[in-house]
Amino acid sequence: MVAMTAMFTGTALGQGGAASSRTLTAKVYNSGFDLAHDTYNAIDVASDGNVYYVLSSQSIDTGGQMYSFNPRTGKIIHCGDLTEVCGEKGGKTISQGKSHVHFVESKGKLYFGTHVGYYSMVDGMEKMGIPPAGYKEYPGGHILSYDLKTGKFEDLALAPHKEGILTLNMDTARGFIYCITWPTGYVFQYDLAKKEEKEIGPLSGEGENGVGRNFRTLCRSLAIDAGDGAVYATTSEGTIFRLKPGSDKLEALEEDMKKDYFGLYDPTSAGHMGYNWRQTVWYPGDKTVYGVHGNSGYLFQFDPRAQRVNVIDRITSEPSKRSGMFDEFSYGYLGFTLGPDKHTLYYLTGGPVYIDGRRVKGKSSTAMGEAKGLEDLHLVTYDLATGKYKDHGAIFYGDEQRPLYVNSIAVAKDGTVYTLARITENGKTRTDLVQVPR
């Protein structure tokens, strides 16, 4: 993502220009990676109680870095360099600059994928990085595992067509990993038991590799039915596709995501997610999928057996609800997860900033996923068992800086929230680990 301009800094200003009365103070950590850039997903609290995360890099030479944080000791350990783990260190290829996916834990290991971090800008859009003289093209993203006891990585598979891994989820019961690549959007699966990879095909035409009428924003969340193992993904037109276990065909459902409440979108235009769902989770309580539509901030339920999408409520921050406007992050926020109690949703979302009683407005449009303007960051929870919504307030650092570019979340057993956000210290900005106490 491109760097924010200087205007996107400031203190905790409320609607009248004074400090907001209801705020949460976040604690900032320094992982020691000065090149760290905006990170999407790539954080989890594992069964050992430690927080595992990847800090992204836009450098052609430097890969993303994986770390673990022990909340009991406060210590951060460097787990590995993604480019080195993939066996590509020193190969003069475009680096494995980031992980763009959730970690999925199964049988003592974390499973995740790598992605490109070095881009070329074409008509204001991010495209696969064009290697300069002396460098080779990006070799493709890798599916990796990390052993929580031994600290060892295993390189399992390589994404097809030398594309990055944009989206990943795992059917832990059956041992299948499913991915969507970037920029075209090929769906592929990996069978852990057989150690076999199978390409399913493109999800949405030419995806984000398309130009003009052939452009389609790609789905960032694969929903898996824990009952039958079926996998679901969306397109910017709103189509919901299903992939059954053992099948090599994407089936379009009659039900779709094209709801009036979500807004009106041209699926060929960049700078929004269209009718794609933004983030989803499986809820064991009623054996359905819950998700958020990124641009509108509406919470919805998808019932795979009834094949129905039920719109529930807008779960943006209270200030966003009152303003009636979409949040300023063009794709909507990815920081949406089910908490350890298995019935509380946690959502890190935006809130409009008011100075002298006027809402600070951003750009009217963009051609990529970025913050179009300045926003506060709010923590929202929603209890699926009771339907109770709560905005816990805006989040600030101790020096009243706002966390910016927040698109990740992990929740510990005690309700402590972790994320990855921009931090400015001594005049330098990096992305790093942030702790938000409840």
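Look a little higher up for the structure.
Here the structure is a predicted model, which is why all the values come from computation and not from measurement.

Novice: Which residues make up the sheet that holds strand 10 (residues 142–147), and what are the values?
Specialist: Two modes of strand pairing occur in sheets, parallel and antiparallel, and in both the strands are linked by backbone hydrogen bonds. An order of 6-7-10-11 is seen for the four strands of this open sheet, with the pairing classed as antiparallel. Since the sheet does not close on itself, it has two edges, and those belong to strand 6 (104–106) and strand 11 (153–158), each with one partner. Strand-to-strand, the axes of this sheet are offset by a mean angle of 25°, without reference to chain direction. Direction of pairing for strand 7 (residues 109–113) relative to strand 10: antiparallel, over a ladder of five bridges. The partner of L110 across the bridge, within strand 10, is Y146.

Novice: Residues and numbers for empty space enclosed by the protein, please.
Specialist: Tallied over the entire structure, the rule returns four cavities of 30 Å³ or more. Residue lining of the largest cavity: 22 residues in total, with E126, W182, E208, R220 and Y331 positioned closest to the centre. Sorting elements by how many residues they give to the lining of the largest cavity places strand 9 (residues 125–128) first, with three residues. A per-class count over the lining of the largest cavity returns 12 nonpolar, four polar and six charged. Contributing to the lining of the second largest cavity are 13 residues, with Y333, E375, P403, L404 and Y405 lying nearest its centre. For the lining of the second largest cavity, the class distribution of residues is 10 nonpolar, one polar and two charged.

Novice: Which residues make up the sheet that holds strand 3 (residues 51–55), and what values go with them?
Specialist: Pairing is antiparallel in the open sheet, where four strands are placed in the order 2-3-4-5. Each of the sheet's edge strands pairs with one partner strand only, and the pair in question is strand 2 (43–45) and strand 5 (75–81). Looking at each pair of strands side by side, their axes are set apart by 20° on average, direction ignored. Relative to strand 3, strand 2 is paired through three bridges, and the arrangement is antiparallel. From the neighbouring strand, D44 faces strand 3, where its bridge partner is Y52.

Novice: Which residues make up the layout of surface pockets, and what values do they have?
Specialist: Space inside the largest pocket adds up to approximately 1,300 Å³. Taken together, 47 residues form the lining of the largest pocket, with D44, F103, T337, L338 and K342 sitting closest to its centre. For the lining of the largest pocket, the secondary-structure elements that each account for two or more residues are strand 2, strand 6, strand 12 (164–171), strand 16 (223–224), strand 20 (279–283), strand 24 (336–338) and strand 30 (410–411). It is strand 12 that contributes the most residues to the lining of the largest pocket, six residues altogether. Of the residues that constitute the lining of the largest pocket, the class distribution is 25 nonpolar, 13 polar and nine charged.

Conventions we followed
- Residues numbered from 1 in each chain as written.
- Predicted model: local features only at pLDDT ≥ 70, side-chain atom pairs only at ≥ 80, totals over all residues.
- Heavy atoms only, no water.
- Pairing = 2+ DSSP bridges.
- Helix = DSSP H or I, 4+ residues; strand = E, 2+ residues; numbered from the N terminus.
- Axes fitted to C-alpha atoms, helices over the stretch in contact; angles between N-to-C directions.
- 1 Å grid on protein atoms, 1.4 Å probe; cavity = no way out; pocket = protein on both sides within 12 Å on 5 of 7 lines; lining within 4 Å.
- Points joined across faces, edges and corners; volume = space filled by probe spheres on them.
- Nonpolar A, V, L, I, M, F, W, Y, C, P; charged D, E, K, R; others polar.

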